[in-house]
Amino acid sequence: MSFESLALHPLLVDQLLKQGFTKPYDIQQRAIPEILKNNDLLGIAATGSGKTASYVLPLLSRFKQAKQSKDRKVNVLVLVPTRELAVQVNEVFQLFSSALPHAVKTMAVFGGVSINPQMKALYGVNILVATPGRLLELKESNAVELGSIETLVLDEADKMLNLGFKDEMDRIFKLLPQKRQNLLFSATLNENIDGLQKVLLNHPTVINIAPTHDTPDLINQMAYAVSDERKGPLLRYLIKTEELNQVLVFVSSIQRADNVANKLRANGIDAWPIHSKKSQGARTDLITKFKYGKLRVLVATDLLARGIDIEFLPCVVNYELPRSPKDYIHRIGRTGRAENPGKAISLITPDEQHHFGVIQKKIGKSIDVVESKDFDLKGF
Ligand code: AMP
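Being a predicted model, the structure only gives us computed values, none of them experimental.

Conventions used here
Residues numbered from 1 in each chain as written. Predicted model: local features only at pLDDT ≥ 70, side-chain atom pairs only at ≥ 80, totals over all residues. Heavy atoms only, no water. Pairing = 2+ DSSP bridges. Helix = DSSP H or I, 4+ residues; strand = E, 2+ residues; numbered from the N terminus. Axes fitted to C-alpha atoms, helices over the stretch in contact; angles between N-to-C directions. Contact = heavy atoms within 4.5 Å. Core = buried A, V, L, I, M, F, W, Y, C linked by side-chain atoms within 4.5 Å. Buried < 20%, exposed > 50% of the residue type's maximum accessible area, 1.4 Å probe, protein only. Salt bridge = Lys/Arg side-chain N within 4 Å of Asp/Glu carboxyl O.

Caption draft 1: The arrangement of the sheet that holds strand β1 (residues 41-44) in detail. Read from one edge of the open sheet, seven strands run β3-β4-β2-β5-β6-β1-β7, paired in parallel fashion. Two strands lie at the open edges of the sheet, namely β3 (106-109) and β7 (205-208), each paired on one side alone. Averaged over all neighbouring strand pairs, the angle between strand axes comes to 10°, with direction disregarded. As paired elements, β3 and strand β4 (residues 127-130) share four bridges and run parallel to each other. Residue pairing across strands places M107 opposite L128, the latter belonging to β4. Packing of helix α4 (residues 83-97) onto the sheet brings it into contact with β2 (76-79), β3 and β4, and relative to β3 it is tilted by some 175°. Relative to the sheet, helix α9 (residues 191-200) contacts β1, β5 (151-154) and β6 (181-186), its axis offset from that of β6 by approximately 170°.

In structure tokens, the structure reads:
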């Protein structure tokens, strides 16, 4: 199947080809026609499956002309769990809307930055990408009108529920017109999502493209058994000897992120931590540098585990294991995306061995653990 056959605006198809998107991914083939038909949709699809374009393209395709009157009424609302995802989704909207002959104004709003510029800019916006809390603040200041929403998209709905946005989401739903199209995307289907779909969706088309055991085989998963004291040196040893030049390292706390990054830098490896204590500006800066290969190592907490969309990220390291197998999948899903193979390395201390066994069982995959005690880590 080709993009041409999906009844999208021809200029969007040109832009897709320019971007090197030669054929639609599975989710795009199946979701685009449904969204164009104005149907509700439940898409079970992980990050990396191409789900963003699966709703961005048909929603943009529908705008046939520029907005007539500049007001605070928004037509499409996309709710996302994190600021990073808001920025990324908006970038995809902008990339494709720039190809259209008429201006479609898209904008991202999120907390952690001053609200005033967002209030001012919310004029004539067609498509708004928002985190729930900031959207409510903007609504309370009368900076946005939600009564004309035609389509609501919930992206990474499972993550929004995990982060405790349920109340905010319910408050937002009450502000929307009854008659609208709803698109719900989630990496997993659980009871909470089931509850949400019952409230929200009207005879939805269900598209499930979750891989059978959740971890795509594009990712080469490996692990090293290591003592606590040798973890830092082993990480530096692997980065240097395996010449890992773009590595996302996951740790379990803000403090650990700072420590690991400091130690890497002290050993001549360009590394910075990214976590919720960093300002939004600093976070965006670090992601951009990392994305374009100007920063070798980014050390992140789980909050950042999803939504960082970096094409061709070759390597992810679990410096510490996440608590849930789901987070393990989300973390390693940063690599091996968009049909490019990647490597996911876990460093396992004796304390973590049992938990690592549980993770392997849950993901239905056994991962070889290499003993590292004989590695000569002197000087690392
Ligand atoms: P997503 O799941 O939306 O985060 O997309 C994952 C990655 O796949 C992004 O980097 C997209 O740019 C890329 N992508 C999405 N659709 C296609 C396609 N049809 N062909 C090639 N790359 C794509």
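Caption draft 2: Expanded view of the nonpolar core. Counting residues in each nonpolar core, the largest one holds 39 residues, and the members touching the most others are Y55, L57, L60, V78 and F93. Those elements that place two or more of their residues in this core are α1 (10-18), α2 (26-36), α3 (51-62), β2, α4, β4 and β6. What Y55 contacts, discounting residues up to four positions off in sequence, is I35, V78, V89, F93, V153, D155, L183 and F185. In terms of nonpolar packing, the next biggest core, distinct from the first, is built from 34 residues, L135, V144, I149 and L196 among them.

Caption draft 3: The arrangement of the pattern of salt bridges in detail. Counted by the stated rule, this structure contains 13 salt bridges. In this structure, R30 and D26 form a salt bridge, with 3.8 Å as the shortest nitrogen-oxygen distance. A residue pair is termed a helical-turn pair when its members lie 3 or 4 positions apart in one helix, as R30 and D26 do in helix α2 at four residues. Since its relative accessible area comes to 36%, R30 is described here as partly exposed. With a relative accessible area of 41%, D26 lands in the partly exposed category. Because the salt bridges share partners, they merge into one network encompassing K51, D155 and E156.

Caption draft 4: Structural detail: unusual backbone geometry. Phi at N38 is positive, roughly 70°, even though this residue is not glycine. Following the sequence through the fold, N38 ends up in the loop between α2 and β1. On the basis of relative accessible area, N38 is assigned to the partly exposed category, the value being 48%. Its identity as a non-glycine residue notwithstanding, H203 has a phi of 40°, on the positive side. Relative to the helices and strands, H203 is located in the loop between α9 and β7. Judged by relative accessible area, H203 falls into the exposed class, the value being 74%.

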